[in-house]
Amino acid sequence: MTTRTVLDLSGLLAHTSHVLATRMSAAFAASGLEITPRGFCVLLHAQEQERTQIQLAEIADLDKTTMVVTVDELERLGLAERRPSSTDRRARIISVTPDGAEAVAAGVRIVDRVHQEVLDALPGTDGAALLRALTTLQEGHLATAVESDRPVRRARRARG
């Protein structure tokens, strides 16, 4: 039997990311907001500046089909609209409606609360240290995925 010499960082990150996503989803559902964390992510980034559906899919790490379904749902809820771009007549942007802006504001409060609960579960200054360490990795050694003949499903990037 081979003994590992380094703790399974991939497993730790994958598990904690999954559990955090389930907590986020449950918090959105409990809040009474009709949007999902994925819908919130799209609205948040659509509200920041004029962005196409393709740009938002890239930011949210969503495939084309999932993005279409997400925007369809946001339109059905009256939170977003597809509109022509002001800079490229061929492109369609996702525009956040006033109700969508309210959903984003409520969503930010939910996301901040869930994230703070996680950080508060760590002793002392470990929460700040975790954020520093993850930020350092994201901006440095793990900033860019490497090419491989064996593609890996892209993980969702951290959101603001």
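For clarity, every value in this text was computed on a predicted model and none was experimentally measured. (Residues numbered from 1 in each chain as written. Predicted model: local features only at pLDDT ≥ 70, side-chain atom pairs only at ≥ 80, totals over all residues. Heavy atoms only, no water.)

A. Broad picture of the environment of glutamate 34. Relative to the helices and strands, glutamate 34 is located in the loop between helix H1 (9-31) and helix H2 (37-48). Residue classification places glutamate 34 among the exposed positions, given a relative accessible area of 60%. Remark: the alpha-carbon pair of glutamate 34 and glycine 11, spanning 23 residues in sequence, is separated by 32 Å. (Helix = DSSP H or I, 4+ residues; strand = E, 2+ residues; numbered from the N terminus. Buried < 20%, exposed > 50% of the residue type's maximum accessible area, 1.4 Å probe, protein only.)

B. A look at the packing of H1 against helix H5 (residues 98-120). The interhelical angle for the contact between H1 and H5, taken along N-to-C directions, is 135 degrees, at an axis separation of 10 Å. For the element pair H1 / H5, the angle class is oblique. The handedness of the crossing between H1 and H5 comes out as right-handed. Taken together, the residues of H5 that come into contact with H1 (itself represented by Leu20, Arg23, Met24, Ala27, Phe28 and Ser31) are Gly107, Ile110, Val111, Arg113, Val114, His115 and Val118. Residue classes in the contact of H1 with H5 are distributed as 8 nonpolar, 3 polar and 2 charged. (Axes fitted to C-alpha atoms, helices over the stretch in contact; angles between N-to-C directions. Parallel < 35°, antiparallel > 145°, perpendicular 65-115°, else oblique. Left-handed = near helix turned anticlockwise from the far one by under 90°. Contact = heavy atoms within 4.5 Å. Nonpolar A, V, L, I, M, F, W, Y, C, P; charged D, E, K, R; others polar.)

C. View of the pattern of salt bridges. Tallying each qualifying case throughout the model produces 8 salt bridges. For arginine 51, the salt bridge identified is with glutamate 48, shortest N-O distance 2.7 Å. You can call arginine 51 buried: its relative accessible area is 13%. Note that glutamate 75 and arginine 82 form a salt bridge whose closest N and O atoms lie 2.4 Å from each other. (Salt bridge = Lys/Arg side-chain N within 4 Å of Asp/Glu carboxyl O.)

D. Layout of the packing of helix H3 (residues 53-60) against helix H4 (residues 64-76). Their axes nearest at 10 Å, the elements H3 and H4 cross at an angle of 110 degrees. Overall, the two elements H3 and H4 adopt an arrangement that is roughly perpendicular. Once H3 is placed against H4, the crossing between them reads as right-handed. On the side of H3, the interface is formed by Gln53, Leu56 and Ala57, while H4 contributes Met67, Val68 and Val71. Here the contact of H3 with H4 is composed, by residue class, of 5 nonpolar, 1 polar and no charged.

E. Spatial organisation of a nonpolar patch on the surface. There is a patch of nonpolar side chains on the surface, built from Leu9, Leu13, Leu122, Leu130, Leu134, Leu137 and Leu142 and spanning about 550 Å² of accessible area. Only H1 and helix H6 (126-139) provide two or more residues apiece to the nonpolar patch. The biggest single contributor to the nonpolar patch is H6, with 3 residues. (Patch = residues over 30% accessible without salt bridge, like charges linked within 9 Å, V, L, I, M, F, W, Y side chains within 5 Å. Areas by Shrake-Rupley, 256 points an atom, 1.4 Å probe, with all protein chains shown as cover.)

F. Here's a closer look at the side chain of serine 95. Here serine 95 lies in strand S2 (residues 92-96). For serine 95, a relative accessible area of 14% puts it in the buried group. Reaching out from serine 95, the side chain makes a polar contact with the side chain of arginine 83 at a distance of 3.3 Å. Filtering out sequence-adjacent residues up to four positions away, serine 95 remains in contact with Leu79, Ala80, Glu81 and Arg83. (Polar contact = N/O pair within 3.5 Å; in protein donor to acceptor, adjacent residues only side chain to side chain.)

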